[in-house]
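Given next are the chains, with one letter for each unit.
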Amino acid sequence: MRAALEEAKKAFAEDEVPIGAVAVLDGSIIAAEHNRKEQWKDPLAHAEMLVLSQTAERLERWRLTGVTLYVTIEPCLMCMGAAIHSRIDKIVFGARDPKFGGARSLYQLGEDPRMNHRLEIVEGIMAEEAAALMKEFFANKR
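What counts as what
- Residues numbered from 1 in each chain as written.
- Predicted model: local features only at pLDDT ≥ 70, side-chain atom pairs only at ≥ 80, totals over all residues.
- Heavy atoms only, no water.
- 1 Å grid on protein atoms, 1.4 Å probe; cavity = no way out; pocket = protein on both sides within 12 Å on 5 of 7 lines; lining within 4 Å.
- Points joined across faces, edges and corners; volume = space filled by probe spheres on them.
- Helix = DSSP H or I, 4+ residues; strand = E, 2+ residues; numbered from the N terminus.
- Expected span 1.5 Å × (residues − 1).
- Buried < 20%, exposed > 50% of the residue type's maximum accessible area, 1.4 Å probe, protein only.
- Arc of directions from axis to C-beta.
- Contact = heavy atoms within 4.5 Å.
- Pairing = 2+ DSSP bridges.
- Axes fitted to C-alpha atoms, helices over the stretch in contact; angles between N-to-C directions.
- Parallel < 35°, antiparallel > 145°, perpendicular 65-115°, else oblique.
- Nonpolar A, V, L, I, M, F, W, Y, C, P; charged D, E, K, R; others polar.

Let us now look at the layout of surface pockets. Within this model, the largest pocket holds a volume of roughly 730 Å³. Lining the largest pocket are 26 residues; nearest its centre among them are Val17, Asp97, Phe100, Met134 and Phe138. Put simply, the parts of the chain that give the lining of the largest pocket at least two residues each are helix H2 (37-40) and helix H5 (127-141). For the lining of the largest pocket, the leading source of residues is H5, giving 6 residues.

Over its 12 residues, helix H1 (residues 2-13) runs 17 Å from end to end, which matches the ideal 16 Å to within 8%, given 1.5 Å per residue. Buried within H1 are the following residues: Ala4, Leu5, Glu7, Ala8 and Ala11. All buried residues of H1 project into a common sector of 155° when viewed along the axis, lining one side. The outward face of H1, more than 90 degrees from its buried face, is lined by the exposed residues Arg2 and Ala13. Looking at the buried side of H1, the elements it contacts are strand E1 (20-25), strand E2 (28-34), strand E3 (67-73) and H5. Downstream of H1 by a residue or two, Asp15 has a phi angle that is positive, lying close to 65°.

The strand order E2-E1-E3-E4-E5 describes an open sheet built from 5 strands, whose pairing is mixed. Here the strands that pair on one side only, and so sit at the sheet edges, are E2 and strand E5 (120-123). The sheet shows a mean angle of 15° between the axes of neighbouring strands, direction not considered. Pairing of E1 with E3 involves 5 bridges; the strand directions are antiparallel. Bridge pairing in E3 links Leu25 to Val67. Across the face of the sheet, helix H3 (residues 47-59) comes into contact with E1, E2 and E3 while running at roughly 140° to E2. Helix-sheet contacts for H5 involve E3 and strand E4 (90-95), and the interaxial angle to E4 is about 60°.

This paragraph deals with the packing of H1 against H5. The N-to-C vectors of H1 and H5 enclose an angle of 5°; their axes lie 11 Å apart at closest approach. In terms of orientation, H1 and H5 fall into the roughly parallel class. Taken together, the residues of H5 that come into contact with H1 (itself represented by Leu5, Ala8, Lys9 and Phe12) are Glu129, Ala130, Leu133, Glu136, Phe137 and Asn140. Of the residues that constitute the contact of H1 with H5, the class distribution is 6 nonpolar, 1 polar and 3 charged.

A few words on the side chain of Thr68. Among the structural elements, Thr68 can be located in strand E3. Residue classification places Thr68 among the buried positions, given a relative accessible area of 13%. Setting aside anything within four residues of it in sequence, one finds Thr68 in contact with Val22, Ala23, Val24, Lys90 and Val92.

And the structure:
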């Protein structure tokens with residue numbers, strides 16, 4: 001999660017919403033990214049989406065079984081959908097997102113029994129640090 005927070009700080013410095021993500025397989029970081037929506041002018045350039053794509057490319061497979069995704073803020077519906085489709089094992093996130101959260105706040109997509117793949121969700125890891133970064137970012141915007 002520390003590596004994900006470092007990515008979030010990079011996003012903050014680049015005037016992007018400060019969310020960072022890393023993918024871990026067998027104890028090693030496979031990919032690390034942060035939000036790049038503004039830079040790339042791409043609505044899909046969420047940290048999680050970028051990390052999942054990089055992980056698939058590096059592993060040369062789309063089924064990302066065995067992978068854990070660490071993300072500073074609870075993934076949105078789009079990112080949860082991508083995580084489910086990629087078949088990752090687990091998502092570990094910091095702070096909840098009461099407006100867009102798809103893992104726990106608004107929906108529990110990763111644990112929904114109607115889905116063909118379910119994944120473990122762990123929340124609250126370094127949540128205070130992740131939330132503080134978001135609060136500072138949006139306070140600066142106002």
